[in-house]
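Residues per chain are reported as follows:
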Amino acid sequence: MNASFELMRYDEFVEALEIIDDEDMRFEYIIDVGKKTRDDDFSNDWKTEGNLMHGCMSKVWIVDQMQKDRHFFKGFSDAIIVRGLVSMMTESFSGLTARELNTLTEEHVRKLNLGALTTQRQIGMMAMLEHMKLLSRSDRVIHVDKI
Amino acid sequence: MSSIKTSTNPHLNNSSSFDVERVRRDFPILSREVHGKPLVYLDNGASSQKPRVVVESVRDAYESYYSNVHRGAHYLSQRSTDSYEEARETVARFINAPSEKNIIFTSSVTESINLVAATWGKKFLKAGDEVILSEMEHHANIVPWHMLREECGIKLMFVPVTDAGDFQLNKFEQLLNANTRLIAITECSNVLGTMVPIKRLVEIAHSRGVPVLVDGAQGVVHHSVDVQALDCDFYGFTGHKLYGPSGIGVLYGKTEILESMPPYQGGGDMIEHVTLDHVTYNKPPYRFEAGTPPIVQAIGLSAAIKYVERLGMESIFNHEQDILGYANQQLTEVEGLQIFGTSENKAAIMSFIVHGLHSFDLAAILDREGIATRVGQHCAEPLMDRFGVEGMVRASFGLYNRRKDVDSLVFAIEKAKGMLL
């Protein structure tokens, strides 16, 4: 858990969810994050079979844009709640090198304290982290000059 | 079916109607809360909750007389064998099978169908032979036949359903031809609730010399079944949807057909004699029950069957039809909600979408309100393709559901719309 690098929005999410002590409100927070992720933030060109993360009950697309040696993820889902979760995950763990990404563990997901989620969705988020790690080592990385 | 008279049934109130509140007291889990809200359990199509008598029968078996069956020379083994075989008799009576020897215990209806495909199918089907299914089959009644298609080259033909979700007998008749060797059909769609006219279908199939396998996973739960009246050749169902334990399924087969079938799996109990060079197999049903069977699960299923028999399958059917009618009325009034499966002949299953909402989001909000539903493709992907949707939410009702459960569902759907739209 003692990452020596900065996690861009991770701490913000952890803090926000720590302050909210009501399960229903935590759930509504995730929905709000999902609603804020607008359709035009994620290009339709990215909604391809190749970018789908398989095994989810809803459709989840994740892309990895690499600037220099740092990975910046973007994600989207056709379901709002999952869209919120995908946004939290991709925003939390963007800006890292592949090596730094590999140091992330399930504990980082647990610390988000998404208590309102079922075990099944928690497992889904851990799978999402693994998917992002794999993506960063694959030939599907999109190289960009600017984020 | 049950021979318990209305006047002696403790679960019928003074007006001889179904006393659902009294029934609910038999199910301890129904009094719990989920996410701080009273549980509204509408996922009976996936698996139903268990009455106290089932839980107690399982506990009693393990605490009082458990041992392996059919082989021990001691008291406990004899006692367990008696209870296990008595469960077979209970199942035979429940579906009016001619004999308990027509009843094979499996782990699930999925295994029951796989057993038929792997034994009868492999022995009697060859390349070019046709098996007729319907568009609304559960994957459990598609995939085993697909595997046989890959292995032996059989052809699968599918009877389409109407926009209302009705089974089309005329289309079924059109698919029948000289190559048809088997009809494998659901009695009740797990998504649409549509009841298939099995008796008429069997008459038509038999007039062409074609046997019929019925997937009764959903059907047996909602109405009384008489396999002799239906004249079907196979009938499969599962225990856990019928208020019994998980891990127990049933396959009924006609005597002459079961006797013609080779074994399914090899092991203990399914043999007569084994030498190093030769094996002779036991008679049905034991030929198909290799190894230690689901002993206590069968005993639990027996207790569940006796429980629904006491309530009366006709009373259960009438009660559930009342809930279905009310649910149909109430859900129809929800703006943007589309119901799939509007057949006049359907069981208490309501699948729907709300336009503008992802079914996953909707089911998640329902869960937060304590309402258990199922969401997704319901192991019926071809049916989702037929209706052009990626998934649906399903509210499937059981004998302990009330009109107020429907009210809770409608309230929660409106809440979800407010949160998500």
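Residues numbered from 1 in each chain as written. Chains lettered and ligands numbered in written order. Predicted model: local features only at pLDDT ≥ 70, side-chain atom pairs only at ≥ 80, totals over all residues.

Visitor: Looking at this structure, I do not really get the domain arrangement of chain B. What am I missing?
Guide: Interfaces are often sized by the accessible area lost when the parts come together. Residues and elements named next belong to chain B. Taken as a whole, chain B is organised into domain 1 (6-48 + 312-420) and domain 2 (56-309). Relative to domain 2, the C-alpha centre of domain 1 lies at a distance of 27 Å. Counting residues per element, the ones that place at least two in the side of domain 1 that touches domain 2 are helix 12 (313-332), strand 14 (349-354), helix 14 (381-387) and strand 17 (392-396). If one sorts the elements of the side of domain 1 that touches domain 2 by residue count, helix 12 sits on top with five residues. Counted by class, the side of domain 1 that touches domain 2 contains twelve nonpolar, nine polar and five charged residues. (Domains from an automatic or database assignment. Helix = DSSP H or I, 4+ residues; strand = E, 2+ residues; numbered from the N terminus. Nonpolar A, V, L, I, M, F, W, Y, C, P; charged D, E, K, R; others polar.)

Visitor: What is the right way to read the sheet that holds strand 1 (residues 60-67) of chain A from this model?
Guide: All names here are of chain A. Reading across the sheet, the three strands line up as 2-1-3 and stay open at both edges, with mixed pairing between neighbours. The sheet is open, and its two borders are formed by strand 2 (70-77) and strand 3 (142-144), each paired with just one other strand. When strand polarity is set aside, the average angle formed by the axes of neighbouring strands in this sheet is 30 degrees. Here strand 1 runs beside strand 3; their pairing, made up of three bridges, is parallel. Each bridged residue has a counterpart across the sheet, and for Met66 the counterpart in strand 3 is His143. With respect to the sheet, helix 3 (residues 80-92) is in contact with strand 1 and strand 2, its orientation differing from that of strand 2 by roughly 175 degrees. (Pairing = 2+ DSSP bridges. Axes fitted to C-alpha atoms, helices over the stretch in contact; angles between N-to-C directions. Contact = placed C-beta atoms within 7 Å.)

Visitor: Which parts of the structure should I look at to understand the pairing of strand 10 (residues 249-253) of chain B?
Guide: Each regular strand carries side chains that alternate between the two faces of the sheet. Residues and elements named next belong to chain B. For strand 10, the buried fraction is high: five of the five residues fall into the buried class. In strand 10, alternate side chains face the same way, and those of Gly249, Leu251 and Gly253 on one face and Val250 and Tyr252 on the other are all buried. The sheet contact formed by strand 4 (residues 103-106) and strand 10 spans four bridges and is antiparallel. Paired with Thr106 across the strands is Gly249, a residue of strand 10. Bridge count for strand 9 (residues 234-238) against strand 10 is five bridges, and the pairing is antiparallel. Bridge assignment links Gly236 to a residue of strand 10, and that residue is Leu251. (Buried ≥ 20, exposed ≤ 12 C-beta atoms within 10 Å, placed from the backbone.)

Visitor: What exactly am I supposed to notice about the interface of chain B and chain A here?
Guide: Taken together, the contacts link ten residues of chain B with eleven residues of chain A. Contributions of two or more residues to the side of chain B that touches chain A are made by helix 13 (359-368), strand 16 (374-376) and helix 15 (403-420) of chain B. With four residues, helix 13 of chain B is the largest single contributor of residues to the side of chain B that touches chain A. Counted by class, the side of chain B that touches chain A contains five nonpolar, three polar and two charged residues.

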